[in-house]
Amino acid sequence: MSDTNPYRERKLFGVNKIIWVGIAVAIYFPIFNSMLALRVYASLFVMTVVWILLVRILGLFAKKSRLNVYHEVDDSVIARTKKELAASREKQKKDASELELAMLNEGKPLPVLDSWRINSEQRRIHPFFGNIVHCVLDPASKELHLCVSIGTMEMPADGDVPRYRVWFKKRIQEFLKLAAQSGDALVLKDYFGTLVLQCDALREDERGYDVPFPVFSMEMSADKFWKLGALESHVVVEMERIADVRFADAKEIVPHREMKYLETHGGK
């Protein structure tokens, strides 16, 4: 087998059982002083041999399955493979980052921070990272445009609308804090002076397809963005005090910038 195969063939599979049975026969046979005891012992011996043969036959049927009794897992191979994969991903990430910076230095608008969407750890700490549909940095205007799809947005009963409004803006703030703390974002710190964030909800059109429409838009200076990331996790600030915010509950708003999706999202 190859060095990357974690399965190792078991040596002398089943033979050790037969050896132990033989030893037992050699030890106990001389002490039997009656034909009945000898017959009982012989019966047990035959049953044991039959059981071993059955196990071997079942093993043949299971040979091509995941429960392969003829092989055992070598954990060292798995650990080495994981380490090699991690090193390969890190190298690819570094190469991609260097290529991005080279293109940004030429003044070209460029999709960035794709690592946020594909990083499972990043998606775990906040779902917005996995729902990014547009993230482009324009070094000429020094603006970072970020658009997040939040799915269907339905406001609660009238009495709960103010609370929902506060909760939604707090959710935005949590996302921005985590984004500002990301090492991938810090690499781009010198390339933008303004962050434009847009949140799109989904609604059904006349053909029955889900189409996006903007429900939240915010324009914030990069200085405020980085300061937000430096705040303690429990600190909450009023978004309108640090950015230009457009939000009309679940109604469509006019966004600060026109953003086109980098990929097509579902429908029915």
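Since we're looking at a predicted model, the values are computed, not measured. (Residues numbered from 1 in each chain as written. Predicted model: local features only at pLDDT ≥ 70, side-chain atom pairs only at ≥ 80, totals over all residues. Heavy atoms only, no water.)

A tally of regular secondary structure across the protein gives 9 helices and 8 strands. Looking at the protein as a whole, 31% of its 268 residues qualify as buried. Taking the contacts inside the protein whose residues are at least 6 apart along the sequence as the reference set, 68% of them involve residues at least 24 apart. With an accessible surface of roughly 17,600 Å², the protein has 58% of that area assigned to carbon and sulfur atoms. (Helix = DSSP H or I, 4+ residues; strand = E, 2+ residues; numbered from the N terminus. Buried < 20%, exposed > 50% of the residue type's maximum accessible area, 1.4 Å probe, protein only. Contact = heavy atoms within 4.5 Å. Areas by Shrake-Rupley, 256 points an atom, 1.4 Å probe, with all protein chains shown as cover.)

Contact pair helix 6 (residues 161-181) / helix 8 (residues 222-230): the axes reach a minimum separation of 7 Å and the direction vectors enclose 95°. It follows that helix 6 is roughly perpendicular to helix 8 by the angle criterion. Facing helix 6, whose interface residues are Q173, L176, K177, A179, A180 and Q181, helix 8 presents F225, W226, L228 and G229. Partitioning the contact of helix 6 with helix 8 into residue classes produces 6 nonpolar, 3 polar and 1 charged. (Axes fitted to C-alpha atoms, helices over the stretch in contact; angles between N-to-C directions. Parallel < 35°, antiparallel > 145°, perpendicular 65-115°, else oblique. Nonpolar A, V, L, I, M, F, W, Y, C, P; charged D, E, K, R; others polar.)

This brings us to the pattern of salt bridges. Inspection of the entire model under this criterion finds 10 salt bridges. Across the pair E106 and K108 runs a salt bridge, and its minimum N-O distance is 3.0 Å. Judged by relative accessible area, K108 falls into the partly exposed class, the value being 40%. With a shortest N-O distance of 3.4 Å, R257 and E219 are connected by a salt bridge. Linking R257 in the segment after strand 8 (244-247) with E219 in strand 7 (residues 210-221), this pair joins segments that are 38 residues apart in sequence. Classification of E219 as partly exposed rests on a relative accessible area of 26%. (Salt bridge = Lys/Arg side-chain N within 4 Å of Asp/Glu carboxyl O.)

This part is about helix 8. A222, F225, W226, L228 and G229 are the residues of helix 8 that are buried. Along helix 8, the residues classed as buried sweep out an arc of 155° about the axis, all on the same side. In helix 8, the exposed positions that point more than 90 degrees away from the buried face belong to D223, K227 and A230. The inward-facing, buried residues of helix 8 contact helix 6, helix 7 (183-186), strand 6 (194-204), strand 7 and helix 9 (239-242). (Arc of directions from axis to C-beta.)

In this section: the side chain of K169. Structurally, K169 is set in helix 6. Discounting chain neighbours no more than four positions away, the residues touching K169 are M239, E240 and F247.

Turning next to the confidence of the model for the protein. For the protein, the mean per-residue pLDDT works out to 79, and 70% of the residues sit at or above 70. With pLDDT under 50 throughout, residues 263-268 is counted as low confidence; its partners more than four residues away or in other chains account for 10 contacts. (pLDDT = per-residue confidence, 0-100.)

What follows deals with the side chain of H256. Tracing the backbone through its elements, the reader meets H256 in the segment after strand 8. Judged by relative accessible area, H256 falls into the buried class, the value being 11%. Of the polar contacts made by the side chain of H256, one reaches the side chain of S217; its length is 2.6 Å. In terms of polar contacts, H256 uses its side chain to reach the side chain of R246, at 3.4 Å. Residues in contact with H256, not counting those within four places in the same chain, are V196, S217, M218, E219, D244 and R246. (Polar contact = N/O pair within 3.5 Å; in protein donor to acceptor, adjacent residues only side chain to side chain.)

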